[in-house]
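Fold and contact review
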Amino acid sequence: DIQMTQSPSSLSASVGDRVTITCRASQGIRNDLGWYQQKPGKAPKGLIYAASSLESGVPSRFSGSGSGTEFTLTISSLQPEDFATYYCLQYNSYPRTFGQGTKVEIK
Amino acid sequence: EVQLVESGGGLVQPGGSLRLSCAASGFSFSSYWMTWVRQAPGKGLEWVANIREDESEKYYVDSVKGRFTISRDNAKNSLYLQMNSLRAEDTAVYYCARGGLVPDYWGQGTLVTVSS
C-alpha cells in the first residue's frame, strides 16, 4: 500500500498568514493526488484534484503543487473560515490512502 | 442539487452485521463510481471501498476484505455497504461519496458503533 505522510500534523497561524502543508508519498504517484478540508462534525470538502486543479467554487487562495512523491497545499492568506483539518488522498493505486491530516488552528 | 444521504448505522455487537444505505439524488447516479470512506472517532479518514458504475469492478481496503461488500442499485439510485463480522475497530462514521478518483460530493455520514 502507498503510505501518505503529511507534515506538520498541526500548526497555529494567524488570519492573513501564508500556510503550506506537505504530503509525501511512499512511492511515485504521478499527480494522482487530491486535497480535502474537514471542519468538526462535517463531511470533508474537496479542494484540489490532480495535485493542482481547483475544484469548482474553491477560493483562489488555495493552491496545490507537486508531482511524484512530494506535494504541497498552500493557503496564500488564511481566512477565519479556513481553520480546519486538511487531508491529502492518493488515487494512483488501490487501496486509496489518505494522509493522517493536518489541523490548522488559530494562533 | 447533489445529495447523498446515508442511513443504517447504529449499535451492533462484535461479530454482528449491519447494512448501510446511501440514497443519491440530483445527478445521474448510474454514471458515477461511488465510494465509502470511514472515520473513527477523533481519527483521520480511511478509504473503505469503491464500485464502478455497472458493478463490474469493486475494490476494498485489506482490513475489510471478506467481511464487507459494496453494491449498488442504479434503478433505486442507491449505494450499499453490507458489513459482516463486525469488530470494535470498525466503529466509525461512514460516509458515501460520489466518484472513484477524488470523490467530490459527500453525505453527512452515519455512525456505526461496534460494542458489547
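Quantities reported herein were computed from a predicted structural model and do not represent experimental measurements. (Residues numbered from 1 in each chain as written. Chains lettered and ligands numbered in written order. Predicted model: local features only at pLDDT ≥ 70, side-chain atom pairs only at ≥ 80, totals over all residues. Heavy atoms only, no water.)

Further remarks concern the state of the cysteines. All names here are of chain B. Per the counting criterion, the structure on display carries two disulfides over all chains. One disulfide in the model links Cys22 with Cys96; its S-S distance is 1.9 Å. The sign of the 45° torsion about the S-S bond sets the Cys22-Cys96 disulfide as right-handed. Of this pair, Cys22 sits in strand β3 (residues 18-25) while Cys96 sits in strand β9 (residues 92-98), and the two are 74 residues apart along the sequence. Overall, the relative accessible area of 0% leaves Cys22 in the buried class. (Disulfide = S-S within 2.5 Å. Helix = DSSP H or I, 4+ residues; strand = E, 2+ residues; numbered from the N terminus. Buried < 20%, exposed > 50% of the residue type's maximum accessible area, 1.4 Å probe, protein only.)

This part is about the sheet that holds β3(B). Residue and element names in this part refer to chain B. Overall, antiparallel pairing links the four strands, which are arranged β1-β3-β8-β7 in an open sheet. Both outer strands of the open sheet, β1 (3-7) and β7 (68-73), are each paired with one neighbouring strand and no more. Between one strand axis and the next, the sheet turns by 15° as a mean value, whatever way the strands run. Across six bridges, β7 lies against strand β8 (residues 78-83) in antiparallel orientation. Residue pairing across strands places Ser71 opposite Tyr80, the latter belonging to β8. (Pairing = 2+ DSSP bridges. Axes fitted to C-alpha atoms, helices over the stretch in contact; angles between N-to-C directions.)

This part covers the interface of chain B and chain A. Note: interface size is frequently given as the accessible area lost on complex formation between the parts. Counting residues at the interface gives 22 residues for chain B, matched by 18 residues for chain A. Summing the contributions of chain B and of chain A, the shared interface buries around 1,600 Å²; its carbon and sulfur component is 64%. Sorting the residues of chain B by area buried against chain A places Leu45(B), Trp47(B) and Val102(B) first, and these three jointly supply 39% of that buried surface. Run the count over chain B and chain A and you get zero salt bridges. Counting across the interface, chain B meets chain A through seven residue pairs in polar contact (both at pLDDT 80 or more). When residues of the side of chain B that touches chain A are traced back to their parent elements, those giving at least two are β4 (34-39), β5 (45-51) and β6 (58-60) of chain B. The element best represented in the side of chain B that touches chain A is β5(B), accounting for four residues. Here the side of chain B that touches chain A is built from residues that sort into 12 nonpolar, six polar and four charged. (Contact = heavy atoms within 4.5 Å. Buried area = accessible area lost by both parts, 1.4 Å probe. Salt bridge = Lys/Arg side-chain N within 4 Å of Asp/Glu carboxyl O. Polar contact = N/O pair within 3.5 Å; in protein donor to acceptor, adjacent residues only side chain to side chain. Nonpolar A, V, L, I, M, F, W, Y, C, P; charged D, E, K, R; others polar.)

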